[in-house]
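# An overview of the molecular structure
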Amino acid sequence: MVETFVQSTDDVVRFLKDQHNLIKDMFEEVFSASSEEARGKAFTELRQLLAVHETAEEMVVHPRARQEVDGGDEVVDARLAEEHDAKEQLSKLEGMDFGSPEFLEELATFRDAVVHHAELEESEEFDKLARELDADDLKRLAAAVRAAEAIAPTRPHPGVESAKLNFAVGPFASMIDRARDVIGAALR
C-alpha cells in the first residue's frame, strides 16, 4: 500500500505543499543512495508518491481550480501538459539502469521539471484556492485527495491526465500497478 508520508491535515493546500516538500527530499534520497539497490528502492518510493499525488490532483484539485481560479482552464491545461510530460519521463526513468550515470542525468532533469511544476501549482492554483475557499471546503478537498491517493495507480500512465479518464481508467490501472508492486517486492 502506498503511503502519502505526510502528516494528516484538514487543509488541502497545506497537505499538498507538504507533499511537494517531501517529493523534493525524496529526490535527494535517490541521488544520495549508497548502492544501486538502495537507489532503486528510493526511486520506487518516489515514483509511487509522484503517481498517487498527481492522480489526486488531477481528480480533485485541478477540476476545482478550473471553477475557482481566474483563468483556471488555462492554468490547469498548462499543469496537465506538464504532468503528461512528467509521466513520460518517469516511465523512461523506470526502465533505466539505476546505477548508470545516464539515470542520474535524466533524474536531475526530471527533478528540475517536477520542482518547477510544483512551484507553478502552488502559486497559480493552491494559493489562489486557499484565498477562494473556506476552511470547510479546504477540509473536504483534503479528505477527497487522501481518498483519491488511497486508490490511485502507483505508476505513471501518460495520457491519463483528466479527472474523467482517471475515474474511468484509474481503478483498473491501480489494481494492476499495486499487484505489480507486491509481486516485484516479493521477487527482490
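A quick note: this is a predicted structure, and the numbers were derived from the prediction, not measured. (Residues numbered from 1 in each chain as written. Predicted model: local features only at pLDDT ≥ 70, side-chain atom pairs only at ≥ 80, totals over all residues. Heavy atoms only, no water.)

A tally of regular secondary structure across the protein chain gives 6 helices and 0 strands. Scanning the protein chain from its N terminus toward the C terminus, one meets helices and strands in the order α-α-α-α-α-α. For the protein chain, the residues scored as buried account for 48% of the 188 residues in total. Contacts in the protein chain between residues at least 24 apart in sequence constitute 75% of all its contacts with a sequence separation of at least 6. (Helix = DSSP H or I, 4+ residues; strand = E, 2+ residues; numbered from the N terminus. Buried < 20%, exposed > 50% of the residue type's maximum accessible area, 1.4 Å probe, protein only. Contact = heavy atoms within 4.5 Å.)

It is worth spelling out the nonpolar core at this point. If you look at the biggest cluster of nonpolar residues, it comprises 21 residues, and the most contacted ones within it are Phe 27, Phe 43, Leu 50, Phe 103, Leu 107 and Phe 110. Take this core: its biggest share by element is 6 residues, from helix α2 (residues 36–68). Once you skip the residues sitting within four places of it in the chain, Phe 103 turns out to touch Val 30, Arg 39, Phe 43, Leu 93, Met 96, Asp 97 and Phe 98. Judged by nonpolar contacts, the second largest core, of 20 residues, contains Ala 65, Val 76, Leu 129 and Val 145. (Core = buried A, V, L, I, M, F, W, Y, C linked by side-chain atoms within 4.5 Å.)

In this section: the packing of aromatic side chains. Inspection of every chain in the model, using the stated rule, returns 4 aromatic pairs. Where Phe 43 meets Phe 103, the ring centres are 5.4 Å apart and the plane angle is 80°; that geometry is what we call edge-to-face. Of this pair, Phe 43 sits in helix α2 while Phe 103 sits in helix α4 (residues 101–132), placing them 60 residues apart in sequence. On the numbers, 5.1 Å between centres and 70° between planes, the contact of Phe 98 with Phe 103 is edge-to-face. The same class applies to Phe 98 as to Phe 103, namely buried. By way of ring pairs, the aromatic residues Phe 43, Phe 98 and Phe 103 are connected into one cluster. The ring of Phe 15 is capped by Arg 146, whose NZ or CZ atom sits 6.0 Å from the centre of that ring. (Phe/Tyr/Trp six-rings, centres within 6.5 Å; stacked < 30°, edge-to-face > 60°. Lys NZ or Arg CZ within 6 Å of the ring centre and 35° of its normal.)

Okay, the pattern of salt bridges next. Taken as a whole and assessed by the stated rule, the structure comprises 15 salt bridges. Notably, a salt bridge pairs Arg 66 with Asp 73, separated by 3.1 Å at the nearest N-O pair. We note a salt bridge from Glu 82 to Arg 79, for which the minimum N-O separation is 2.8 Å. Taken together, the positions of Glu 82 and Arg 79, both in helix α3 (residues 72–94) and 3 residues apart, correspond to about one turn of that helix. Overlapping salt bridges bring together Arg 64, Glu 68, Asp 137 and Arg 140 as one network. (Salt bridge = Lys/Arg side-chain N within 4 Å of Asp/Glu carboxyl O.)

Let us look at empty space enclosed by the protein. Under the defined criterion, the tally for this structure stands at 1 cavity of 30 Å³ or more. His 20, Ile 23, Lys 24, Leu 50, His 53, Glu 54, Val 114, Val 115, His 117, Ala 118 and Glu 121 are the residues that line the largest cavity. Of all the secondary-structure elements, those providing two or more residues to the lining of the largest cavity are α1 (12–32), α2 and α4. Per-element tally for the lining of the largest cavity: the top contributor is α4, with 5 residues. Of the residues assigned to the lining of the largest cavity, the class counts are 5 nonpolar, 3 polar and 3 charged. (1 Å grid on protein atoms, 1.4 Å probe; cavity = no way out; pocket = protein on both sides within 12 Å on 5 of 7 lines; lining within 4 Å. Points joined across faces, edges and corners; volume = space filled by probe spheres on them. Nonpolar A, V, L, I, M, F, W, Y, C, P; charged D, E, K, R; others polar.)

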